[in-house]
Amino acid sequence: EGRLRSRFVNQPWGGFATSFNDQRNSSQDNLPSLQTMLFLEGTARLHQRLTLSLDATAAFGWFADDIQRFKVGGDNEYIPMLSGTYFAEFVVDAFVLTHLRLQWLPLRWLRITPQVDLAWLPDGLRQGKPDTLLLVVGLGLGLDFFLRDYMRIHVKFGYSPNAPRP
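Quick caveat, the model's predicted, so the values are computed rather than measured. (Residues numbered from 1 in each chain as written. Predicted model: local features only at pLDDT ≥ 70, side-chain atom pairs only at ≥ 80, totals over all residues. Heavy atoms only, no water.)

On to the environment of Asn76. Along the polypeptide, Asn76 turns up in the loop between strand S4 (70-72) and strand S5 (90-92). Taking C-alpha positions, Asn76 is 8.9 Å from Ala88, a pair spaced 12 residues apart along the chain. Setting aside chain neighbours within four positions, we find Asn76 in contact with Met81 and Phe87. (Helix = DSSP H or I, 4+ residues; strand = E, 2+ residues; numbered from the N terminus. Contact = heavy atoms within 4.5 Å.)

The structure is reproduced here in C-alpha cells:
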C-alpha cells in the first residue's frame, strides 16, 4: 500500500505554535509526503481447535509532519495495534510491527487468544534522534464468547512491560 498526501493549510501548529520550534512540523502548504506499508500474514492450523498466526507490518514515510505521520498503539483496528499501549501512543516516520497469536477453541462457545507483539520504532521517544531504536513488547489476551451464530462478545486485555511512560 502506498500513499501520496499533501496538506493545503498554511498555519502554524504544533511545535511552531509554541515557543519550542519543532522542525518536524512544518507550516508550509502543499507539503507532499510519501508513505508506504508492507504487510505479511500467515496462519497454520496446528490441530482441529488450535491455530497459530503471524502477521508483520513494515511502514516507511518521508516528508511528513505529525498530522500525516504513522500512529501506532492501542487496540483500535484503524491504526496499527500494539497490546498494552495507549491509542496512538507513538507518532513515527517508520515502524516494524509483528503479532504472534495462538487461537484455541477449548469449547464450542469460547475462543482464547494469547498474543505477543513486538514493535521497532525509530526515534520512538521523539527526541529528534532518528538513529535510536525503541523496542516495545506488548502482551495480549483475547477472549471471545460466542452466544449465538450472529452474536459474539470480545474482551481483550493488554500489558506492555517496557512501554515508556512519562
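With that settled, consider the pattern of salt bridges. This structure, assessed with the given rule, holds 5 salt bridges. When the shortest N-O distance is used, the salt bridge between Arg101 and Asp55 registers 2.7 Å. Residue Arg101 is located in strand S6 (residues 94-107), and its partner Asp55 is located in strand S3 (residues 50-62); the two are separated by 46 residues in the primary sequence. Across this residue pair, the class does not change: Arg101 and Asp55 are buried. Salt-bridge contacts for Asp144 lead to Arg152; the nearest nitrogen and oxygen are separated by 3.1 Å. (Salt bridge = Lys/Arg side-chain N within 4 Å of Asp/Glu carboxyl O. Buried < 20%, exposed > 50% of the residue type's maximum accessible area, 1.4 Å probe, protein only.)

Such coordinate-based values are descriptive only and should not be taken to indicate function.
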